[in-house]
Amino acid sequence: MKRPTSRKSLFCILPFCIILGLLVLFPVLVAFSNQQGVASKVKKATQKLDKQGQVKISIPVPKNIVKVNEEYQGGVFFTEARKTEIKRFRCSSCHNNKKVTILNAADISHADIQVIHGDKGKPLACDTCHSQDDRDFLVTSKGSKIDLDHVYDMCGQCHFRQKKDWIGGAHGKRVTYWAGERVVKNCTSCHNPHSPRFEKRWPQTYSVPHN
Amino acid sequence: MDSDKKKKINRRTFLKGTASTAIAGSAVVTAGCKAKGLLGSSEAFALEFQEYFKKHYRLMTKAEREGTVARLEKLARLKQNITINVDTTEPVEKVLYGYAFNVTRCEGYMECVEACVKENNLDRKSNTQYIRIFEMEHGQMSPDQGDGKYFHMVPAEGHFYMGVQCFQCQNPPCVKACPTKATWMEPDGIVVVDYDWCIGCRYCMAACPYWGRRFNWNQPEIPKEEITKEQHYLGNRKRVKGMMEKCTFCIQRSRKGKLTACAEACPTGARVFGNLLDPDSEIRFVLENKKVYRLKEDLGTDPKFWYFID
């Protein structure tokens, strides 16, 4: 005789199967939702934060800074001033139409400056950057005058890729603090504008071999 | 019920009792002996004795933290005659620290290594360093092919430089390996060590795939005048022989808004440090606009340290 298939018992098992299935599925889902890690956390964080509110100490803003004429990700930022760093600024105190009245004028001429900047075939001349009409300013190839504090506009003519990175924060570096008002180094804080490449030198320290 | 009968004495109350009697006893003993014998000053001895009975950092109440900080500061004054400031600054809200390293810009000057050693009071005797800079040939990808002990004029032709340190993984294998829960990840993403709970088993050292942890094989020696006085309980405070230590993204600096010592010292701007949760931060710009990669990403440790190229 053929045994009757127990449809009734199958219906009894079904809810148990569903519950069992959920029990297995739930931990798997939890495990996967946790696995996204830092990348998803970063993506979720789109809310702008209050600059000063993040860290509960007063962050001093360094002196000798100027506001940059560009905006980064929707905010203003500052850079180190240049004019206060140049010892004999204003240039026009010597470079004018009057007679040179300084005793040691020969010694303080700019003969020590070596220009290692630009292609080997056609290095830059002084007046590529320095204005001949107004010695206190730089001049772009299109003839607009640039203040020495905003030298990034000058460098950015050729090094536009670096300038873009500098505005965003991938090139150059911040001054002292990661929180608070954004103050970054100017181009000329790190690079000598006359020979901008970093020099070859000995490392500051050494590592002992491990193992 | 049964529980009423069992109330007499259990392990917890027994230990509590012995601890408190020991502290009380130590106070009596040390108050009695005024002579400065083998143990140094009696006050220092009493403080050191009390230090043995403090809790795990995460279990301490605010008052207990203040107590141990006061003891540590007093001990430094008594034993080394220096005034230090140990702080226990809490993590800043809505902050997750991240780091990016520009392999194109690094020139191998190793100024970061020196700044790190000074800032974090690392042992000068065994030359402990948290950061290691590898000199690699163009085309190499992994630092195990590079030269970590170069000493010549840098940058060398045809080479690039890659700095390696603790990557502050978001899924840290070292934390899982620790048998005493002496190491953990703080809410701001920094993996720290409670030096007083570390038993020196070095399981974490074995678990770390990046060689990010250092062990004190000997009593650390730092010249007195070079000790960094601004310290953090979980950061650059005094370590002794047999303790594990590691890079903490300069917790004593970063929680106050400063850059880490290595990022501040870098002369080429190859190091970018900032808040990953702040869409305006530089690190976010790097992650969104540059080609980035992480070391041994397939291991699933989820490091918060990215390398990028210009």
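Residues numbered from 1 in each chain as written. Chains lettered and ligands numbered in written order. Predicted model: local features only at pLDDT ≥ 70, side-chain atom pairs only at ≥ 80, totals over all residues.

Caption draft 1: Spatial organisation of the overall build of chain A. Looking only at helices and strands, chain A features six helices and five strands. From first element to last, N terminus to C terminus, chain A shows the α and β order α-α-β-β-α-β-β-α-α-β-α. Rg of the C-alpha trace for chain A: 32 Å, well past the compact-globule value of 17 Å for 211 residues, more than 25% over. Seen through its C-alpha atoms, chain A measures out along the principal axes to roughly 130 × 45 × 40 Å. Burial status across chain A gives 15% buried among its 211 residues. Once local pairs closer than 6 in sequence are excluded, the contacts in chain A between residues at least 24 apart make up 50%. (Helix = DSSP H or I, 4+ residues; strand = E, 2+ residues; numbered from the N terminus. Rg over C-alpha atoms; globule rule 2.2 N^0.38 Å. Buried ≥ 20, exposed ≤ 12 C-beta atoms within 10 Å, placed from the backbone. Contact = placed C-beta atoms within 7 Å.)

Caption draft 2: Summary view of the environment of Asp147 of chain B. Relative to the elements of secondary structure, Asp147 of chain B occurs in the loop between β3 (132–137) and β4 (159–164). A C-alpha to C-alpha distance of 9.4 Å links Asp147 of chain B and Tyr161 of chain B, two positions 14 residues apart in sequence.

Caption draft 3: Representation of the pairing of β4 of chain B. All names here are of chain B. Among the six residues in β4, five count as buried, and that is most of the element. Two elements, β3 and β4, share six bridges in a ladder whose sense is antiparallel. Bridge pairing in β4 places Glu137 opposite His159. (Pairing = 2+ DSSP bridges.)

Caption draft 4: View of the nonpolar core. With 76 residues, the main nonpolar core has Ala100, Cys112, Cys116, Cys262 and Val286 of chain B as its most contacted residues. Among the elements that take part in this core, helix α5 (residues 111–119) of chain B stands out by supplying five residues, more than any other. With 10 residues, the next largest nonpolar core counts Cys129, Leu138, Met154 and Cys155 of chain A among its residues. (Core = buried A, V, L, I, M, F, W, Y, C linked by C-beta atoms within 7 Å.)

Caption draft 5: Structural context of α5 of chain B. Residues and elements named next belong to chain B. All of the buried residues in α5 are Cys112, Val113, Ala115, Cys116, Val117 and Glu119. Taken together, the buried residues of α5 touch β3, β4, α9 (261–265) and β10 (271–275). Positive phi shows up at Asn121, right after α5, with a value of about 50°.

Caption draft 6: Looking closely at the environment of Phe285 of chain B. Here Phe285 of chain B lies in helix α10 (residues 282–289). On the basis of neighbour counts, which here come to 21 C-beta atoms within 10 Å, the residue Phe285 of chain B falls in the buried class. Sequence spacing of Phe285 of chain B and Val154 of chain B is 131 residues, and the spatial spacing of their C-alpha atoms is 29 Å. Phe285 of chain B has contacts with Gln73, Gly168, Gly169 and Ala170 of chain A, leaving out every residue within four places of it along the chain.

Caption draft 7: Just the interface of chain A and chain B, in detail. Counting residues at the interface gives 38 residues for chain A, matched by 47 residues for chain B. For the side of chain A that touches chain B, the element with the highest residue contribution is helix α2 (residues 37–44) of chain A, accounting for four residues. Residues belonging to the side of chain A that touches chain B are distributed by class as follows: 18 nonpolar, 14 polar and six charged. (Nonpolar A, V, L, I, M, F, W, Y, C, P; charged D, E, K, R; others polar.)

Caption draft 8: View of the sheet that holds strand β12 (residues 305–309) of chain B. All names here are of chain B. With mixed pairing, the four strands of this open sheet are ordered in space as β10-β2-β12-β11. Lying at the two open borders of the sheet, with one neighbouring strand each, are β10 and β11 (291–293). Taken over all neighbouring pairs, the strand axes of this sheet differ in orientation by 30° on average, direction set aside. Where strand β2 (residues 97–102) and β10 come together, five bridges link them in antiparallel fashion. Within β10, the position partnered with Tyr99 by the bridge is Phe273. Its contacts with the sheet put α10 on β2, β10, β11 and β12, and the angle it makes with β10 is roughly 110°. (Axes fitted to C-alpha atoms, helices over the stretch in contact; angles between N-to-C directions.)

Caption draft 9: Region of interest: the sheet that holds strand β5 (residues 183–184) of chain A. Residues and elements named next belong to chain A. The sheet built from three strands is open, its strands ordered β1-β2-β5 with mixed pairing. Bordering the open sheet on either side are β1 (65–72) and β5, each of which pairs with just one other strand. Sheet topology places β1 next to strand β2 (residues 75–80); five bridges connect them, and they run antiparallel. Bridge pairing links Lys67 to Phe78 in β2.

Caption draft 10: Quick look at the domain arrangement of chain B. All names here are of chain B. Splitting chain B by domain gives domain 1 (8–87), domain 2 (97–165 + 252–309) and domain 3 (173–247). Mapped onto the side of domain 1 that touches domain 3, the elements with two or more residues apiece are α4 (62–80) and β1 (85–87). The residue makeup of the side of domain 1 that touches domain 3, split by class, is six nonpolar, four polar and two charged. (Domains from an automatic or database assignment.)

Caption draft 11: Structural context of the environment of Gln157 of chain A. All names here are of chain A. Position of Gln157 relative to the elements: it lies in the loop between α4 (152–155) and α5 (160–168). What makes Gln157 partly exposed here is the crowd of 14 C-beta atoms within 10 Å. Spatially, the C-alpha atom of Gln157 lies 7.8 Å from that of Thr140, the residues being 17 residues apart in sequence. If near-sequence neighbours (up to four positions away) are discounted, Gln157 is found in contact with Thr140 and Ser141.

Caption draft 12: The packing of helix α3 (residues 42–51) of chain B against α4 of chain B, seen in detail. All names here are of chain B. Interaxial distance between α3 and α4 falls to 10 Å at its minimum, and their mutual angle equals 145°. Crossing handedness for the pair α3 and α4: left-handed. Contacts from Glu43, Ala44, Leu47, Glu48, Gln50 and Glu51 of α3 reach α4 at Thr68, Arg71, Lys74, Leu75, Leu78 and Lys79. Looking at side-chain class alone, the contact of α3 with α4 contains four nonpolar, two polar and six charged residues. (Left-handed = near helix turned anticlockwise from the far one by under 90°.)

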